[in-house]
Amino acid sequence: FFFFFSTGPMSSVLLRDSPEWQDLQPVPQDDGEKPACPIAYSLQFSDCYDYMRAVLQKEEVSERAFQLTTRAIEHNPANYTVWHYRRVLLQKLQKDLGQELEYIAAVAEDSPKNYQIWYHRRAVVEMTGDASKELAFTAAILKEDAKNYHAWQHRQWAMTQYNLFATASNKGLDYVDALLADDCRNNSAWNHRFFIISSTGGFTPETLAAEVEYTLPHLKLTPNNESAVNYLKGCLQAGKASFSAFPHIKEQTLQLAAEDSPAPQALRLLLEIYCSEVAEGKEESRAAAQAVCDQLQHHDAVRARYWQLRRTQL
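Just so you know, these numbers come straight off a predicted model, no measurement behind them.

(A) Summary view of the state of the cysteines. Overall, the coordinates contain zero disulfides when judged by the stated rule. C235 supplies the cysteine sulfur nearest to C184, a cysteine that is in no disulfide, at a spacing of 16 Å. Since its relative accessible area comes to 1%, C235 is described here as buried.

Listed below in structure tokens is the structure:
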């Protein structure tokens, strides 16, 4: 049996046929005498990595070795060893790091969820000490996939490490607003909003009140928006406040729960409100909470047994 390792667009000229590489003995991959399941590498792939192993063993520092890493990455952009060696060469050859950032951006277009690319990007940014391009870079990636975990992680790292809150529009919240306007269920954008506020002053009473007012219209527009419900709960927890401090949350949620086919997330939020009231000593809310659990068993049938359990815990 063979696994086939695909390759992208690649030069058909083999390194072993190039005069530039005649001084170096390629090192074939050693799979042992009887490999259980050999991989059917293409000829170009084997040729490239045979010479990659050779320069690694020799610890060669040269322009041709650097160009070889480019070729190897085209064959397999997830190879950690090649990326590591490329970073070594970047520094020893004193390569243009601005050009390297452009190269990474090009590779990331084809492999936006490749961990090695993002690690390399961070390392190069650290070499330059300049993260001024990272907001635009991550925005370009997120334009194609607004929930790319790697891009969000890199964006938050850059903002924290280099205080990009000061240069981003409205600390970066305007960017989040645009994403939520496009998709108000984008949990990554809600998470980033929470991150920005937590990193720039926290949930003071004034900020908390503003975030409650920001979130409620989203819930009214999409009552079954779990991301917005979780964000609202997270804001209250971070601001050390209860639902009772904002009675209009309950008012709106009661309206949504009274619809003919109420959204499960609206009912879930109402349940949390009633449970909060019970915890504050309002025993009359216990029966209301149990009634909401009954509704949830009907309107959220997939989790019916969970809501049964929640009812018994009241």
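Now, onward.
(B) Main features of the nonpolar core. In this structure, M52, L68, V212 and I249 are the most contacted members of the largest nonpolar core, which totals 71 residues. Broken down by element, the residue count for this core peaks at seven residues, all from helix α1 (residues 43-58). Excluding anything up to four places from it in sequence, V212 contacts L232, L236, F246, H248 and I249. Counting residues in hydrophobic clusters, the runner-up holds 10 residues, among them L267, L270, L271 and W307.

(C) The packing of aromatic side chains, seen in detail. Tallying each qualifying case throughout the model produces 14 aromatic pairs. On the basis of an interplanar angle of 40° and a centroid distance of 6.2 Å, the ring pair of Y115 and Y119 is categorised as tilted. Note that Y115 and Y119 are positioned in helix α5 (residues 115-128) at a spacing of four residues, about one turn of the helix. Given the relative accessible area of 47%, Y115 is considered partly exposed. Ring geometry for Y306 and W307: centres 4.7 Å apart, planes at 65°, overall edge-to-face.

Rules of the game
- Throughout, a residue's number is its position along its own chain's written sequence, starting from 1.
- Per-residue local features of the predicted model are confined to residues with pLDDT of at least 70, and side-chain atom pairs are confined, for both listing and counting, to 80 or more; whole-chain, interface and lining totals are unaffected and use all residues.
- Calculated side-chain values reflect all of the structure's heavy atoms, with hydrogen atoms and water omitted.
- Two cysteine sulfur atoms make up a disulfide if the distance between them is within 2.5 Å.
- Partly exposed describes any residue whose relative accessible area lies between the buried limit of under 20% and the exposed limit of over 50%, with all areas from a 1.4 Å probe on protein chains only and scaled to the type maximum.
- Put simply, buried Ala, Val, Leu, Ile, Met, Phe, Trp, Tyr and Cys residues joined by side-chain atoms within 4.5 Å make one nonpolar core.
- Helix and strand definitions follow DSSP, with helices as H or I runs of at least four residues and strands as E runs of at least two, each counted in order from the N terminus.
- By definition in these notes, contact holds between two residues if any of their heavy atoms fall within 4.5 Å.
- Note on aromatic contacts: the rings of Phe and Tyr and the six-membered ring of Trp form a pair at centre separations within 6.5 Å, being stacked when their planes are under 30 degrees apart, edge-to-face when over 60 apart, and tilted otherwise.

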